[in-house]
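Commentary on secondary and tertiary structure
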Amino acid sequence: MPEQRIHSPILRQRVVDAATAAAHIQPGNTVAMSGFTGSGYPKAVPGALAERIRQSNGNGGGKFQINLLTGASTAPELDGVLAEVDGIALRLPYQSDPQARERINDGSLNYIDAHLSHVAQHAWFGFYGQIDVAVIEAVAIREDGSIVPSTSVGNSKTWLDLAKKVIVEINDWQPTGLEGMHDIYYGTARPPQRKPIPLEHVDDRIGGTALKVDPDRIVAVVRTNAPDRNSPFNPVDATSERIAGHLIEFLQHEIANERMPRDLLPLQSGVGNIPNAVLAGLAKSGFRDLTAFTEVIQDGMLDLLRSGVLRVASCTGFALSPEAHASFSRDIEFFRDRIIMRPQEISNHPELVRRLGCIGMNGMVEVDLYGNVNSTHIMGSRIMNGIGGSGDFTRNGFLSIFLSPSTVKGGTISSIVPMASHVDHTEHDVSIIVTEQGVADLRGLSPKQRAQTLIDNCAHPDFRDALQDYFDRACRESYGKHTPHLLGEALSWHQRWLDTGSMLPD
């Protein structure tokens, strides 16, 4: 019944179906939706909007497109259905949908790849124009009209602050026990009125548990009952285990050398099989009472919280397998005391990342001999997903660690290259590279020292001689000897792979 989750009598009167709600969105609108890494995104209104776009464009109604803003990636029910009908003119700040990616890379969809910590501020200053409609998934609406988010917060606070109209999807699939897990801070301001954010420890709570909005701007409420994009992770393979083992050994070495305490520093982890393997390795290595100040909670972090290896985790969204979500829902009272969900302008805030001293652990496409990391593009021009929050933690964390197999595409392509085809994280910000071959600690090294360390410790044996040969000749023949490069030959590595078809998608 509506009254079980919609406690405002006024807003109960605004419950409509998804098609009626989607009619509030007009061609050319900028529409901001909730969602972060496949969690907490609206499930019904995007599909209804896509059908309306399909009918409009198919009946000679002109090109019906919107500008789409979210927290991060969403799912086929949002990005996929809208991209399929060519309904997105502009997308930001991060995506992972194959349909959207194809349109971005064929040039028909404009995409802004932005640091996640920048989006709220840029929206407030109007860089993306007026936000016409916000579509937010929630578990409940309180009597005063405030909104209890579901499994992500992302940029929802900012969208509700700025949007002219608001549509709320109440998802009965999401557990009501999420209420109380959120920490929504409203103390941010534009410069020069900013004040220090009063968060000193990962487990500090500095805000309320719901999103504020003027109920008069809520034009529609839609009831849904649909799951998040709960994709199962692949089993941990031998390569991921070796990468995790090298990283755990490195962290233990840092503790032994008194560079960090036994309970480490707050962890940030990207999403995927290698980070999950790292989390599993932490569980087996005797660590206790760790903390996480990160963007996403994935399966491995739930296991660490249960075992006491992880004491508390701060995030802005989830990325759980179906089994992990079922376990999370079943034990939600336990997790509500140990997980804090924040807006991404807080979870990714550079000042907080720097002050807390986070350990950033992220994946990459490639790294060059001097430590420049490409985490977004194939062949320098074909984007995969986006930079996401990796830059927020790489530039500002105490340690910036990048994890990758030393080769991809069945061993045909080296992840260590003479020159990166695209740079997201410069050599000045990258501390540690880990492959299944070993660890390259780049701290305190000159460019040529970094190059030799990467070749010796991280390159695959099948490519090590070629990299060494390139580096030796560059040291002799390069125009400058500080960061030696043979420019034409460096880029020819990528061209060769493209010519052989190795870089084509699987």
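Once a new chain begins, its residue numbering starts again from 1 and follows that chain's sequence as written. Only residues with pLDDT of at least 70 are given local features in this predicted model, and only at 80 or more are side-chain atom pairs given and counted; all residues enter the totals for whole chains, interfaces and linings. Side-chain measures were taken over the full set of non-hydrogen atoms in the model, leaving aside hydrogen atoms and water.

Before going further, it helps to examine the layout of surface pockets. Only protein atoms enter the 1 Å grid used here. Points where a 1.4 Å probe fits but cannot escape make up a cavity, open sets with protein on both sides within 12 Å along at least five of seven lines make up a pocket, and a residue lines them when an atom lies within 4 Å of a point. Grid points are joined across faces, edges and corners, and a volume is the space filled by probe spheres set on the points. The space that makes up the second largest pocket amounts to roughly 510 Å³. In terms of lining, the second largest pocket is formed by 21 residues, of which the most central are Thr188, Ala189, Arg194, Glu345 and His349. Of all the secondary structure elements, the ones that give two or more residues to the lining of the second largest pocket are helix 6 (119-124), helix 7 (156-162) and helix 14 (350-356). Numbering of helices and strands starts at the N terminus; helices are DSSP runs of H or I of at least 4 residues and strands are runs of E of at least 2. Per element, the largest residue contribution to the lining of the second largest pocket is 3 residues, and it comes from helix 6. Of the residues assigned to the lining of the second largest pocket, the class counts are 8 nonpolar, 6 polar and 7 charged. Each residue receives one of three labels: charged for Asp, Glu, Lys and Arg, nonpolar for Ala, Val, Leu, Ile, Met, Phe, Trp, Tyr, Cys and Pro, and polar for the others, Gly being one of them.

Below, the discussion takes up helix 4 (residues 76-84). Here the term buried applies to any residue with accessible area under 20% of the maximum for its type, exposed to any over 50%, and partly exposed to those in between, with areas from a 1.4 Å probe on protein chains only. Of the residues making up helix 4, those classed as buried are Leu78, Asp79, Gly80, Leu82 and Ala83. Its buried side turned inward, helix 4 meets strand 1 (30-33), helix 3 (45-58), strand 2 (66-69), strand 3 (88-92) and helix 5 (98-105). Once helix 4 ends, the next one or two residues include Asp86, with phi positive near 55°. By definition, residues are in contact when any of their heavy atoms lie within 4.5 Å.

Here Leu199 shows up in the loop between strand 7 (165-171) and strand 8 (218-224). Since its relative accessible area comes to 0%, Leu199 is described here as buried. Discounting residues that sit within four places of it in the chain, Leu199 has contacts with Asp204, Ile206, Arg342, Ile346, Leu352, Arg355 and Leu356.

Of all 7 residues making up strand 7, 6 are buried, and the element is well covered by its neighbours. Pairing of strand 5 (residues 133-141) with strand 7 involves 5 bridges; the strand directions are parallel. Considered in strand 7, the bridge of Ile136 is made with Val168. Following DSSP output, two strands are said to pair if at least two bridges run between them. Here strand 7 runs beside strand 8; their pairing, made up of 6 bridges, is parallel. Residue pairing across strands places Val168 opposite Val221, the latter belonging to strand 8.

Honestly, it's all geometry; don't read function into it.
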